[in-house]
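So you can see what is in the structure, the chains are spelled out below.
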Amino acid sequence: MDMQVGPILSALRRHKAGAVLIALQVALTLAILCNALFIVHQRLSHLSEPTGLDEANIFVIQNEWAGKASYAQLDAEARADLEVLRRLPGVADVTTSNSYPLRGAGWDDGIRLRPGQLTDTTGATVYFADEHFVRTLGLKLVAGRDFRAGEIGVMAAQDRLDPAQVIITRALADTLFHGDGAVGRTLYLAGNPATIVGVVERLQAQSVARWAADFAHRVVIVPRRLTSTLGTYYIVRTHPGQLAAAMRAAPAALVARNPRRMFDPRMGVLSFAQVRERAYESDRGMATLMGVISAVLLAITAAGIVGVTSFRVGQRRRQIGVRRALGATRRDIVRYFLVENLLVSGGGILLGVLLALAMNLWLILRFGMQGLSPTYLAAGVAVLLLLGQAAALAPALRASRVPPVEATRAG
């Protein structure tokens, strides 16, 4: 028996309430599913973004001093701490800084290229560093040189930031000079000129927030040790396989040298793996939430299709019996209900594509998300089509088992 769409459309018009509800459910599920999958992919990609550091062998100590001390005393204490840490077994090198990648907060500033320039060319993260910074973090110099010991200065947070030399990342160099060579050129940091002496391949900013994504690797490193009564960060790089032992030994060694200090029980000593885990905690949570929402929506949609198709089969038992009596095979009956469901799902999918694009536009305007890739639309359409047909198959098979004798029973 040839399959004709006209009778199917006529049947749908007679029972349009169920068809409309299923189409709307499919549309809403498709719109949410496409955007949810896109968000999950973005968040998971974010989790594995490289920092440029030798992360496997690095840990960080947040050192806070007890009592009051002058900035000169604080700097002397910090330098003494660094020497103690360098003498620990398994430690390759140590540096101090105001912050570190993925920490979440720190010092950002505007970068300009000309004196008297009214607006910033770009923003950048500022890391304070000594001559051990590049080596300790495992950064790769791709142009120029590292800082020399004689270039390292000391400053307090309220002092003027005016380094004569800086090292920048390749991402910042490309932004400022468009690949036209950065070493030897001048940038203006906090309104003061600084000569670029080196370029490192990659170094991530401290913030992983979505608003900071465009600046994630625009970093300027200044040759200064920042002294603060709030404490400082010691970044320790160990030899391979020595990380755990060094993490256990470092706090005890520092307390033995000077007990007037505190380590935050939660953030005081962290391996970089722990730093990364904490930094992306919200991204993992969002990805998990989006995955659960998508799974629940798909299950509800499948259940809805099964229910509505089963209801239609129950309503049309006499009609099915007549078709069987007129020569329709069981295969014809199955195909009839699958085509009917395909028409309903297809209408929902067309509406769902429009809803998905509208939802993505709202996310772009409201949260600065990227545009939805057509790949996710195509994947969502494929999933909904397959789900719809799979959900309608069981009721369709039940319909095919309706015997021709049903045509003789009173409807």
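I will try to describe carefully the structure that is included in this document. (Residues numbered from 1 in each chain as written. Predicted model: local features only at pLDDT ≥ 70, side-chain atom pairs only at ≥ 80, totals over all residues. Heavy atoms only, no water.)

**Some remarks on the packing of aromatic side chains**
In the structure shown here, the tally under the stated rule is five aromatic pairs. For the pair Y100 and Y233, a centre-to-centre distance of 5.3 Å together with 80 degrees between the ring planes defines the contact as edge-to-face. Taken together, the positions of Y100 in the loop between β2 (91–97) and β3 (107–112) and Y233 in strand β12 (residues 232–238) put the pair 133 residues apart, joining distant regions of the chain. Across the pair, Y233 and Y100 agree in class, each one buried. On the basis of an interplanar angle of 55 degrees and a centroid distance of 5.0 Å, the ring pair of W107 and F128 is categorised as tilted. Highlighted residues: W107 in strand β3 and F128 in strand β4 (residues 122–128), separated in sequence by 21 residues. Here F128 falls in the buried class, since its relative accessible area comes to 0%. (Phe/Tyr/Trp six-rings, centres within 6.5 Å; stacked < 30°, edge-to-face > 60°. Helix = DSSP H or I, 4+ residues; strand = E, 2+ residues; numbered from the N terminus. Buried < 20%, exposed > 50% of the residue type's maximum accessible area, 1.4 Å probe, protein only.)

**Thoughts on the environment of T121**
Relative to the elements of secondary structure, T121 occurs in the loop between β3 and β4. Sequence separation of T121 and A244 is 123 residues, and the distance between their C-alpha atoms is 42 Å. Residue contacts for T121: discarding those within four places in its chain leaves I111, R112, L113 and L176. Side-chain polar atoms of T121 contact the side chain of Q117, separated by 2.9 Å. (Contact = heavy atoms within 4.5 Å. Polar contact = N/O pair within 3.5 Å; in protein donor to acceptor, adjacent residues only side chain to side chain.)

**Examining the side chain of S207**
Following the sequence through the fold, S207 ends up in the loop between β9 (192–200) and β10 (219–222). Residue classification places S207 among the buried residues on the basis of a relative accessible area of 13%. Excluding residues that lie within four positions of it along the chain, S207 makes contacts with G104 and A212.

**Quick word on a nonpolar patch on the surface**
Together, V20, L24, L351, L354 and L355 line one region of the surface with nonpolar side chains, adding up to about 430 Å² of accessible area. Those elements that place two or more of their residues in the nonpolar patch are α2 (16–47) and α10 (330–367). Take the nonpolar patch: its biggest share by element is three residues, from α10. When you line up the elements, L351 lands in helix α10. The exposure class assigned to L351 is partly exposed, which follows from its relative accessible area of 35%. (Patch = residues over 30% accessible without salt bridge, like charges linked within 9 Å, V, L, I, M, F, W, Y side chains within 5 Å. Areas by Shrake-Rupley, 256 points an atom, 1.4 Å probe, with all protein chains shown as cover. Salt bridge = Lys/Arg side-chain N within 4 Å of Asp/Glu carboxyl O.)

**Remarks on the layout of surface pockets**
If you add up the space inside the largest pocket, you get close to 550 Å³. Q42, R43, R210, G368 and M369 are, among the 24 residues lining the largest pocket, the residues nearest its centre. Every element with two or more residues in the lining of the largest pocket is listed here: α2, α8 (281–315) and α10. Looking at which element gives the most residues to the lining of the largest pocket, the answer is α2, with six residues. Residues that form the lining of the largest pocket fall into these classes: twelve nonpolar, eight polar and four charged. Taken as a whole, the second largest pocket encloses approximately 260 Å³ of empty space. If you go around the second largest pocket, you meet 15 residues; those closest to its centre are N98, R103, S228, G231 and Y233. (1 Å grid on protein atoms, 1.4 Å probe; cavity = no way out; pocket = protein on both sides within 12 Å on 5 of 7 lines; lining within 4 Å. Points joined across faces, edges and corners; volume = space filled by probe spheres on them. Nonpolar A, V, L, I, M, F, W, Y, C, P; charged D, E, K, R; others polar.)

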